[in-house]
There are 2 protein chains.
Amino acid sequence: MDEREDLGAMLFRLGRDLLAMEQPILSRHELSMWAYAVLTALREGPTRTQAALAAGIGADKTRLIPVLDELQRRGLIEREPDPADRRVRLLGLTAAGRRLHRAVQEEIRAGEQRLLAGCPAQDREAFVRTLAALTARR
Amino acid sequence: MDEREDLGAMLFRLGRDLLAMEQPILSRHELSMWAYAVLTALREGPTRTQAALAAGIGADKTRLIPVLDELQRRGLIEREPDPADRRVRLLGLTAAGRRLHRAVQEEIRAGEQRLLAGCPAQDREAFVRTLAALTARR
DNA sequence: TATTGTTATACTCTATAACTATA
DNA sequence: TATAGTTATAGAGTATAACAATA
């Protein structure tokens, strides 16, 4: 048995550190973690249904609704019934939403660099690459 | 701005996958995640106070108490007042607790290998090493 | 009848604050 | 009075189930 800690425990702690780094940035822009996740998901392109969006970011569809309400109220997303099937809401970023997401993501990336700064560049690169491979959509 | 996802989002998903992998193992042994974390922490050696143990695994001291109650009831840990300061509880693993932890950890390590199996061995090694470095106790 | 989105509700997890026992 | 542990309670976050609108 290796001497290293369990992967789960290490991921838990690193995830918590990441969240602590992101929290002040997000709250400065009055965004919850889920609101930011929504903006990130919609940046890739509009989504056909709210349920698909929820599944995509690993959230429950019911808990997304107040988030979407707020983002719409602030003019950061568009959310209108699909003319072809009026049960469905088409979702997309507004220009303001796109701007806000870009600004926040820049700050978060800077924070990530700070967190990773202690490691050799080669390890850092392998770390991010492997993490991306392990979490790739299946 | 890179095209990769945010580190936080990737860690979140991978952490969730890890938890899903561990959950059936833990519940087969009737252990919660926190109970397993306690056994892991105590395996390194006995702890002087419950508060120190809680801080060590990143938990609140109040939420550890029912966990410790249960572990003690099952004879997996020792928990006795320090004769030198009877406010304090000395905590340690029993032989049964040590055995159970070892068995569970072996299953979890096997699950980790399965999760990492898709990556080149060199990346895998760098990933675990970097993760350990980033989460080292500061 | 099935599906999307919504609301209401219940449940779990977590932290805060009050209490006890020792010092 | 201060500290370790405990208990009680309230709050946040989450999921479950019922509901309305549309197909």
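Note: the structure precedes this text.
Residues numbered from 1 in each chain as written. Chains lettered and ligands numbered in written order. Predicted model: local features only at pLDDT ≥ 70, side-chain atom pairs only at ≥ 80, totals over all residues. Heavy atoms only, no water.

A short note on the protein's contact with DNA strand C
By nearness alone, 17 residues border DNA strand C, and A:Q50, A:A51, A:R79, B:R63 and B:R87 come closest of all. Here the atoms of DNA strand C within 4 Å of the protein split so that 65% fall in sugar or phosphate, with bases taking the remainder. A:Q50 has a polar side-chain atom sitting 2.6 Å from a phosphate oxygen of DNA strand C. Here A:R89 contributes a backbone N or O atom positioned 3.1 Å from a phosphate oxygen of DNA strand C. Of all the secondary structure elements, the ones that give two or more residues to the surface near DNA strand C are α3 (50-57), α4 (61-73) and β2 (85-93) of chain A together with α4 (61-73) and β2 (85-93) of chain B. Partitioning the surface near DNA strand C into residue classes produces four nonpolar, four polar and nine charged. (Near = heavy atom within 4 Å. Polar contact = N/O pair within 3.5 Å; in protein donor to acceptor, adjacent residues only side chain to side chain. Helix = DSSP H or I, 4+ residues; strand = E, 2+ residues; numbered from the N terminus. Nonpolar A, V, L, I, M, F, W, Y, C, P; charged D, E, K, R; others polar.)

As for helix α2 (residues 33-43) of chain B
All of the buried residues along α2(B) are B:W34, B:A35, B:Y36, B:V38, B:L39, B:T40 and B:L42. Positive phi appears at B:G45, one or two residues downstream of α2(B), with a value of about 150°. (Buried < 20%, exposed > 50% of the residue type's maximum accessible area, 1.4 Å probe, protein only.)

Digging into helix α1 (residues 7-28) of chain B
Working note: α-helix, 3.6 residues per turn, so residues spaced by three or four point in the same direction. Compared with an ideal rise of 1.5 Å per residue, which puts 22 residues at 32 Å, α1(B) spans 32 Å between its outermost C-alpha atoms and is within 8% of the ideal. What α1(B) keeps buried is the set B:L7, B:G8, B:M10, B:L11, B:R13, B:L14, B:L18, B:M21, B:E22, B:I25 and B:L26. The secondary structure elements touched by the buried residues of α1(B) are α1 (7-28), α5 (95-116) and α6 (121-134) of chain A together with α2, α5 (95-116) and α6 (121-134) of chain B. Remark: B:E30 follows α1(B) within two positions and exhibits a positive phi of approximately 55°. (Expected span 1.5 Å × (residues − 1). Contact = heavy atoms within 4.5 Å.)

So, the protein's contact with DNA strand D
The immediate surroundings of DNA strand D are formed by 17 residues, with A:R63, A:R86, A:R87, B:Q50 and B:A51 found nearest. Expressed as a percentage, the sugar and phosphate content of the atoms of DNA strand D within 4 Å of the protein is 67%. Separating a phosphate oxygen of DNA strand D from a side-chain N or O atom of B:R79 is a distance of 3.1 Å. Elements that contribute at least two residues to the surface near DNA strand D include exactly α4 and β2 of chain A together with α3 (50-56), α4 and β2 of chain B. Class assignment for the residues of the surface near DNA strand D results in four nonpolar, four polar and nine charged.

A short note on the packing of α6(A) against α6(B)
It is at 8 Å that the axes of α6(A) and α6(B) come closest, and there the two elements cross at 110°. Accordingly, the angle class assigned to the pair α6(A) and α6(B) is roughly perpendicular. Residue-level inspection shows A:D123, A:A126, A:F127, A:R129, A:T130, A:L131 and A:L134 of α6(A) in contact with α6(B), the latter providing B:D123, B:A126, B:F127, B:R129, B:T130, B:L131 and B:L134. Taken together, the residues of the contact of α6(A) with α6(B) sort by class into eight nonpolar, two polar and four charged. (Axes fitted to C-alpha atoms, helices over the stretch in contact; angles between N-to-C directions. Parallel < 35°, antiparallel > 145°, perpendicular 65-115°, else oblique.)

Remarks on the pattern of salt bridges
Scanning the model with the defined rule gives 20 salt bridges over all chains in all. The partner of B:R129 in a salt bridge is A:D123, with the nearest N and O atoms 2.6 Å apart. On the criterion of chain membership, the pair formed by B:R129 in helix α6 and A:D123 in helix α6 is interchain, its members lying in two chains. Given the relative accessible area of 40%, B:R129 is considered partly exposed. When its relative accessible area of 15% is taken as the criterion, A:D123 is described as buried. Linked through salt bridges whose partners overlap, the residues forming this network are A:R4, A:D6, B:R109 and B:E112. (Salt bridge = Lys/Arg side-chain N within 4 Å of Asp/Glu carboxyl O.)

Shape is all these values report; function is a separate question.
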